[in-house]
Amino acid sequence: MTESSSSVAPRLRAGRNRTLTLSEADRSRLSAQLTAPTAPLAPDEWRNRLFHGDFFALAPLLPAGSVDLLIVDPPYNLSKDFGVVKFSRADDAAYEEYLDGVFRALRPLLKPEASIYCCGDWGCSAAQYRVLAHHFTIRNRITWQREKGRGARHNWKNATEDIWFATAGNHYYFNVDAVKQKRRVLAPYRENGRPKDWTEEADGRFRLTCPGNFWDDITVPYWSMPENTDHPTQKPEKLLAKLILASLPDHGLVFDPFAGSGSTLATARKLGRDFAGVEINPEYCLWALKRLELAAIDRRIQGYDGVFMERNSMR
């Protein structure tokens, strides 16, 4: 990784564009909240906080054994400019060495029963598996479908990403009832004349199903969604809501060491859960802090209404 400029050029936006923007008053107010610890923190001192800084530098100051759920969205093994940090594609061995350093720094922060989710694309998924398997017990691989992306003339369109699910030990929290999906029933089955495992509603027939490890109901944030920011690799709030509701117990803490524009943190706040995050880019920190303010006012998550709806539903 190399350092690069963090300047942000203003963008012209259409009137219907709902991408998050910051006023000068926002910048003045939120900049005062850009802080980082200078001494070791007690567990209660980092709850519901976003720290501005380099995770590797701050990790020794974070409370050991205090994280229930770890969501890691590290730089993929691609050349990508994240403002303050420019990540350059490396060979597989160098990328694995980088990831190993990430998880060596994270391991002491976890509770024995903690769960871990690590996001990646096809190009870095294998490296992530090998590193995670060295430190944790891998439970599954989630593949989620991106419904947008650039086509390719000489290759298959890259339309999915992976999330590795691992745990720190053999005992862990998983609430399957909190993440059931509401699916439309196309061939309703009846038993003794009554609906079997489905209900009739005003707009159709639906069934609650247990979640699988292929997610085709996720909408990538875009310009008409209020959760959208200019972050180049922003994850959808609906995706993060699934991870949090499944694997974060009540009164637990979710930690995101590469917080970006604050999707994990804002989603946790909308769900009434405690969070902590670290982000090195000051502009991304400001976006995240603004989203946290908005999440305290509007707790809606597109595609989630007590249950997870199919993609492009009206709720």
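Residues numbered from 1 in each chain as written. Predicted model: local features only at pLDDT ≥ 70, side-chain atom pairs only at ≥ 80, totals over all residues. Heavy atoms only, no water.

## Topic: the overall build of the chain
Here is step 1: Looking only at helices and strands, one finds 7 helices and 16 strands in the chain.
Here is step 2: For the chain, with 315 residues in total, the buried portion stands at 48%.
Here is step 3: When contacts within the chain are restricted to residue pairs at least 6 apart in sequence, long-range pairs at least 24 apart make up 71% of them. (Helix = DSSP H or I, 4+ residues; strand = E, 2+ residues; numbered from the N terminus. Buried < 20%, exposed > 50% of the residue type's maximum accessible area, 1.4 Å probe, protein only. Contact = heavy atoms within 4.5 Å.)

## What to know about the pairing of strand β15 (residues 253-256)
Here is step 1: Across the two faces of β15 the burial is the same, with L253 and F255 and V254 and D256 all buried.
Here is step 2: Alignment of β15 against strand β16 (residues 274-279), held across 4 bridges, turns out to be parallel. Within the sheet, the bridge partner assigned to F255 lies in β16 and is A276.
Here is step 3: What joins β15 to β16 is helix α6 (residues 263-270), and the crossover it makes is right-handed. (Pairing = 2+ DSSP bridges. Right-handed = clockwise from strand over helix to strand, strands pointing away.)

## Digging into the state of the cysteines
Here is step 1: Inspection of the entire model under this criterion finds 0 disulfides.
Here is step 2: Here C118 is not disulfide-linked; the sulfur of C119 is the nearest cysteine sulfur, at 6.7 Å. (Disulfide = S-S within 2.5 Å.)

## Here we look at the pattern of salt bridges
Here is step 1: Enumeration over the complete set of coordinates arrives at 19 salt bridges.
Here is step 2: Between R27 and E283 there is a salt bridge; the shortest N-O distance is 2.8 Å. Of the two residues, R27 sits in helix α1 (residues 24-31) while E283 sits in helix α7 (residues 282-297), which places them 256 residues apart along the sequence.
Here is step 3: Since its relative accessible area comes to 24%, R27 is described here as partly exposed. (Salt bridge = Lys/Arg side-chain N within 4 Å of Asp/Glu carboxyl O.)

## Quick notes on the packing of helix α5 (residues 237-247) against α6
Here is step 1: Relative orientation of the contacting elements α5 and α6 amounts to 65 degrees, with a least axis distance of 9 Å. As for how α5 packs across α6, the hand of that crossing is right-handed. Of the residues in α6, those in contact with E237, L240, A241 and I244 of α5 are S263, T264, A266, T267, A268 and K270.
Here is step 2: Partitioning the contact of α5 with α6 into residue classes produces 5 nonpolar, 3 polar and 2 charged. (Axes fitted to C-alpha atoms, helices over the stretch in contact; angles between N-to-C directions. Left-handed = near helix turned anticlockwise from the far one by under 90°. Nonpolar A, V, L, I, M, F, W, Y, C, P; charged D, E, K, R; others polar.)

## Focus: unusual backbone geometry
Here is step 1: Phi at N48 is positive, roughly 60 degrees, even though this residue is not glycine.
Here is step 2: Looking at the element boundaries, N48 is found in the loop between α1 and β2 (49-52).
Here is step 3: Its relative accessible area of 31% is what places N48 among the partly exposed residues.
Here is step 4: Backbone geometry places H251, a non-glycine residue, at a positive phi of 70 degrees.
Here is step 5: Note on placement: H251 falls in the loop between α5 and β15.
Here is step 6: In this structure H251 comes out as exposed when scored by relative accessible area, which is 71%.

## Some details on the sheet that holds strand β9 (residues 181-184)
Here is step 1: Here we have 3 strands laid out as an open sheet, ordered β9-β13-β12, and antiparallel in their pairing. Edge strands, defined here as strands with exactly one partner in the open sheet, are β9 and β12 (199-201). Each strand of the sheet is rotated relative to its neighbour by a mean of 40 degrees, with strand direction disregarded.

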